[in-house]
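# Structural overview for review
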Amino acid sequence: MIDPAHAGLGALTGLAIGLTGVGGGAFMAPALILWFGVEPHTAIATDLWFAVLTKLVAVKAHHGEGQVDWQVVRRLWWGSVPVACLVVLLVGHGGALGKPGGLIASIGVLVIMTGLGLLMAPHLLKVGRMRRLGRPERFKAVQPVLTVMGGAGLGFCVALTSIGAGALGSVLLLYLYPLRMTPHRLVATDIAHAIPLALVAGLGYLWAGKVDGALLFDLLAGSLPAVLVGSVLSRSIPGRWMQILLAILLLVSGMKVLKGVA
């Protein structure tokens, strides 16, 4: 039997992913912890698999024709995948990174950062464009290194908390590739990077026995239809207004998570 509450949470998150393309998945981990009392490791592990399967549907619905910038994706993977593997290994062996209190606090901080990133995205795009046009040779020289370093940061965040690959990844790409990333290419490239990254981290948690299969099934039962609905609605609803609304909800959620830790 499908749990209606879990399916409802999946539908809400899937709708947000479908409407915005990126950032909606940041709802899941804090919601599982705050609303349903799921243990942090289980919430993170289940959210990683939820992200993989839901975003596979989202990227097909949004960008079936293909807009992925594979050069940028490979640069991100060079940083993100090795770091993600290392973090999952440390968490799985009971390192300090894996303490429940620290994980919940990290989730709260990253949810807030995700909300702020969505709000600041236009400003960061403007700054990145000015630097790209003002000092093109210098900017292009450091792009590859900064992309790998940014990927490493995303790998750390995603493997530790399941949060960051979407909105934070898109903000990073807007700043580093302001002339190259059209809206469609941005979402497609970000999701192309995020899905294998979440899969790598998710496999580590699955091996450690942290994924709740029944919970994952309930969440997907709600999210997969909803992400398709959100993708259709996104064509008639201004994306920027949805991002602002999502950012506000994430900021509130992040503050509640941190308040619960305190």
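Below is a short write-up of the structure. What you are looking at is a predicted structure, and each value in this text was computed from that prediction instead of being measured.

## Notes on the overall build of the chain
- Scanning the chain from N- to C-terminus turns up ten helices and zero strands.
- For the chain, the sequential pattern of α-helices and β-strands runs α-α-α-α-α-α-α-α-α-α.
- Compactness check: the chain gives a C-alpha radius of gyration of 17 Å against a globular reference of 18 Å for 262 residues, within 12% of the reference.
- Projected onto its principal axes, the C-alpha positions of the chain cover 55 × 45 × 35 Å.
- Burial status across the chain gives 51% buried among its 262 residues.
- Total accessible area on the chain is roughly 11,900 Å²; 71% of this is exposed by carbon and sulfur atoms.
- Averaging the positions of the 19 positive and the 9 negative side-chain charges in the chain gives two centres separated by 14 Å.

## Some thoughts on a nonpolar patch on the surface
- Together, Val142, Val145, Leu146 and Met149 make up a nonpolar patch on the protein surface, roughly 340 Å² of accessible area in all.
- Inspection of the secondary structure puts Val142 in helix 6 (residues 136-161).
- By relative accessible area, which is 36% here, Val142 ends up partly exposed.

## Some remarks on empty space enclosed by the protein
- In the structure shown here, the tally under the stated rule is one cavity of 30 Å³ or more.
- The space that makes up the largest cavity amounts to roughly 180 Å³.
- Lining the largest cavity are 18 residues, with Lys55, Ser162, Gly164, Ala165 and Gly166 sitting closest to its centre.
- Elements with a contribution of two residues or more to the lining of the largest cavity: helix 3 (40-62) and helix 8 (183-207).
- Considering every element that reaches the lining of the largest cavity, the biggest residue donor is helix 3, with four residues.
- In terms of residue class, the lining of the largest cavity is built from ten nonpolar, six polar and two charged.

## Overview of the pattern of salt bridges
- The full count for this structure, using the stated rule, is two salt bridges.
- For the salt bridge of Asp69 with Arg180, the shortest nitrogen-to-oxygen distance reads 2.6 Å. Highlighted residues: Asp69 in the loop between helix 3 and helix 4 (70-92) and Arg180 in the loop between helix 7 (167-176) and helix 8, separated in sequence by 111 residues.
- Looking at Asp69, the relative accessible area reads 6%, which means it is buried.
- For Arg180, a relative accessible area of 27% puts it in the partly exposed group.
- The partner of Asp69 in a salt bridge is Arg185, with the nearest N and O atoms 3.7 Å apart. Taken as a pair, Asp69 in the loop between helix 3 and helix 4 and Arg185 in helix 8 lie far apart in primary sequence, 116 residues in all.
- When its relative accessible area of 27% is taken as the criterion, Arg185 is described as partly exposed.
- Among the charged side chains, a salt-bridge network with shared partners connects Asp69, Arg180 and Arg185.

## Observations regarding the layout of surface pockets
- Approximately 340 Å³ is the volume attributed to the second largest pocket.
- Put simply, the parts of the chain that give the lining of the second largest pocket at least two residues each are helix 1 (4-20), helix 2 (28-36) and helix 10 (239-261).
- The element contributing the most residues to the lining of the second largest pocket is helix 10, with seven residues.
- Its residues placed into classes, the lining of the second largest pocket shows 15 nonpolar, two polar and one charged.

## Notes on the packing of aromatic side chains
- Per the counting criterion, the structure on display carries two aromatic pairs.
- Seen in terms of ring centroids, Trp70 and Trp77 are 6.2 Å apart; in terms of plane orientation they differ by 50°. Their pairing is tilted.
- According to the relative accessible area criterion, Trp70 is partly exposed, its value standing at 44%.

## Some thoughts on the environment of Val73
- Looking at the element boundaries, Val73 is found in helix 4.
- Through-space distance from the C-alpha of Val73 to that of Thr189 is 6.5 Å; in sequence the pair is 116 residues apart.
- Setting aside its immediate chain neighbours within four residues, Val73 contacts Val68, Thr189, Ala192 and His193.

Conventions used here
- Residues numbered from 1 in each chain as written.
- Predicted model: local features only at pLDDT ≥ 70, side-chain atom pairs only at ≥ 80, totals over all residues.
- Heavy atoms only, no water.
- Helix = DSSP H or I, 4+ residues; strand = E, 2+ residues; numbered from the N terminus.
- Rg over C-alpha atoms; globule rule 2.2 N^0.38 Å.
- Buried < 20%, exposed > 50% of the residue type's maximum accessible area, 1.4 Å probe, protein only.
- Areas by Shrake-Rupley, 256 points an atom, 1.4 Å probe, with all protein chains shown as cover.
- Lys, Arg positive; Asp, Glu negative; His and termini not counted.
- Charge placed at Lys NZ, Arg CZ, Asp CG, Glu CD.
- Patch = residues over 30% accessible without salt bridge, like charges linked within 9 Å, V, L, I, M, F, W, Y side chains within 5 Å.
- Salt bridge = Lys/Arg side-chain N within 4 Å of Asp/Glu carboxyl O.
- 1 Å grid on protein atoms, 1.4 Å probe; cavity = no way out; pocket = protein on both sides within 12 Å on 5 of 7 lines; lining within 4 Å.
- Points joined across faces, edges and corners; volume = space filled by probe spheres on them.
- Nonpolar A, V, L, I, M, F, W, Y, C, P; charged D, E, K, R; others polar.
- Phe/Tyr/Trp six-rings, centres within 6.5 Å; stacked < 30°, edge-to-face > 60°.
- Contact = heavy atoms within 4.5 Å.

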